[in-house]
Amino acid sequence: MSQHTIAGTVLTMPVKIRKAQQHMAMFSVNADAAQRMIDYSGLQVCRFLPGRAVVVLMLMHYVDGDLGQYYEYGTNVMVNPPGSSASGPRALQDAGAFIHHLPVDQAFTLEAGTKIWGYPKVMSDFTIRDGHTFGFDVTIDGQFAVGMDFKPGLKAPAAFTSKPQAHPTYSYRDGVVRQTVGEMKLSDVRYRPGGARVRLGEHPYAKELASLGFPKRALFSSSAGNVEMSFADAQEVRP
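Thresholds applied
Residues numbered from 1 in each chain as written. Predicted model: local features only at pLDDT ≥ 70, side-chain atom pairs only at ≥ 80, totals over all residues. Heavy atoms only, no water. Pairing = 2+ DSSP bridges. Helix = DSSP H or I, 4+ residues; strand = E, 2+ residues; numbered from the N terminus. Axes fitted to C-alpha atoms, helices over the stretch in contact; angles between N-to-C directions. Salt bridge = Lys/Arg side-chain N within 4 Å of Asp/Glu carboxyl O. Buried < 20%, exposed > 50% of the residue type's maximum accessible area, 1.4 Å probe, protein only. Contact = heavy atoms within 4.5 Å.

Enquirer: Any chance you could explain the sheet that holds strand β9 (residues 134-140) here in plain terms?
Expert: Strand pairing within a sheet occurs via backbone hydrogen bonds; the two strands may be parallel or antiparallel. One open sheet holds the 4 strands; their spatial order is β8-β9-β10-β14, and the pairing between them is antiparallel. The strands lining the two open edges of the sheet, one partner per strand, are β8 (125-130) and β14 (196-200). This sheet shows a mean twist of 10° between the axes of neighbouring strands, independent of strand direction. In this structure, β9 lies alongside strand β10 (residues 143-150), joined through 7 bridges in antiparallel fashion. When the bridges of β10 are listed, threonine 139 appears paired with phenylalanine 144.

Written out as structure tokens, the structure is:
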């Protein structure tokens, strides 16, 4: 059982998240544009339809876990496992999420995320609006980067959402590609077609999202009232 010392605190793997909330939306984007954005990683986007790739934009609010309480925004591009050139709708079943942007608002999780998993975490500020609709803004170095607004979804039957899921995520840092397998269990899940609006600012992250065609309509959006997660150590992989 491996351990990591972050800011004087010893973390024993796997890291556990006992309570978190999630808002996410899935988008179809131009595959060549998405590939150009993540070419530096050496990974290949999953072309689930001819010329199309999937990008998932997500906000997590970690409430109770080994890394403390914090907000995190992610731009995730679905990619094939290293060495695979699979395409078509079924290829998405084996695809993992390459994490291209990952702003957070607490220093401890930033240090843990970069050192343990090689995630591209940067410090940022979050503005949250939680009323009839849910919205957030991400500001980095005083520049508005990206915001989203979500309409309420329809409650999904627990039988479809409560099974534990294991998904690989990929990161790139200091010339190394890493794969991290995380287990996730969702409850109080709501879905709706579309349902998410994206707003872009002037930060370089916004310009990258604009290159993918954002703002654009979501394929679907979802929220989860509670997410339980665990993250193992990262493994180095060769694209």
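Enquirer: What am I meant to see in the pattern of salt bridges here?
Expert: Where charged atoms of side chains with opposite charge meet at close range, the side chains can pair. A full pass over the atoms with the stated rule returns 12 salt bridges. Taking the shortest distance from any N to any O, the salt bridge between arginine 197 and aspartate 149 comes out at 3.1 Å. In this pair, arginine 197 sits in strand β14 while aspartate 149 sits in strand β10, placing the two residues 48 residues apart along the sequence. Sharing partners across several salt bridges, the network here consists of Arg129, Asp137, Asp149, Arg197 and Arg199.

Enquirer: How should unusual backbone geometry be read in this particular structure?
Expert: A negative phi holds for most residues other than glycine; trans holds for most peptide bonds. Here the residue pair methionine 13 and proline 14 is connected by a cis peptide bond, since its omega of 0° sits within 30 degrees of zero. Residue placement: proline 14 occurs in the loop between β2 (9-12) and β3 (15-30). The peptide bond linking phenylalanine 214 to proline 215 adopts the cis configuration, its omega dihedral lying at 0°. Tracing the chain through its elements places proline 215 in the loop between α4 (204-211) and β15 (220-231). A positive phi is found at alanine 7, a non-glycine position, where the angle reads about 50°. One can find alanine 7 in the loop between β1 (3-6) and β2. Judged by relative accessible area, alanine 7 falls into the exposed class, the value being 55%. Unusually for a residue other than glycine, aspartate 188 sits at a positive phi of about 50°. Structurally, the position occupied by aspartate 188 is in strand β13 (residues 176-193).

Enquirer: Quick question: what am I supposed to make of the pairing of β10 here?
Expert: Successive side chains on a regular strand alternate, one facing one side of the sheet and the next facing the other. The element β10 is extensively covered by neighbouring structure, given that 6 of its 8 residues are classed as buried. Remark: 2 residues form the turn of the hairpin made by β9 and β10, two consecutive strands paired antiparallel; aspartate 141 in that turn has positive phi of roughly 50°. Examined bridge by bridge, β10 and β14 share 5 bridges and lie antiparallel to one another. Counterpart to methionine 148 in the pairing with β14 is valine 198.

Enquirer: Would you take a moment to explain the environment of leucine 102 for this structure?
Expert: For leucine 102, the position within the fold is in strand β6 (residues 96-104). Given the relative accessible area of 4%, leucine 102 is considered buried. Along the primary structure leucine 102 and proline 120 are separated by 18 residues, whereas in three dimensions their C-alpha atoms are 5.6 Å apart. Setting aside its immediate chain neighbours within four residues, leucine 102 contacts Glu72, Tyr73, Gly74, Tyr119, Pro120, Lys121 and Val122.

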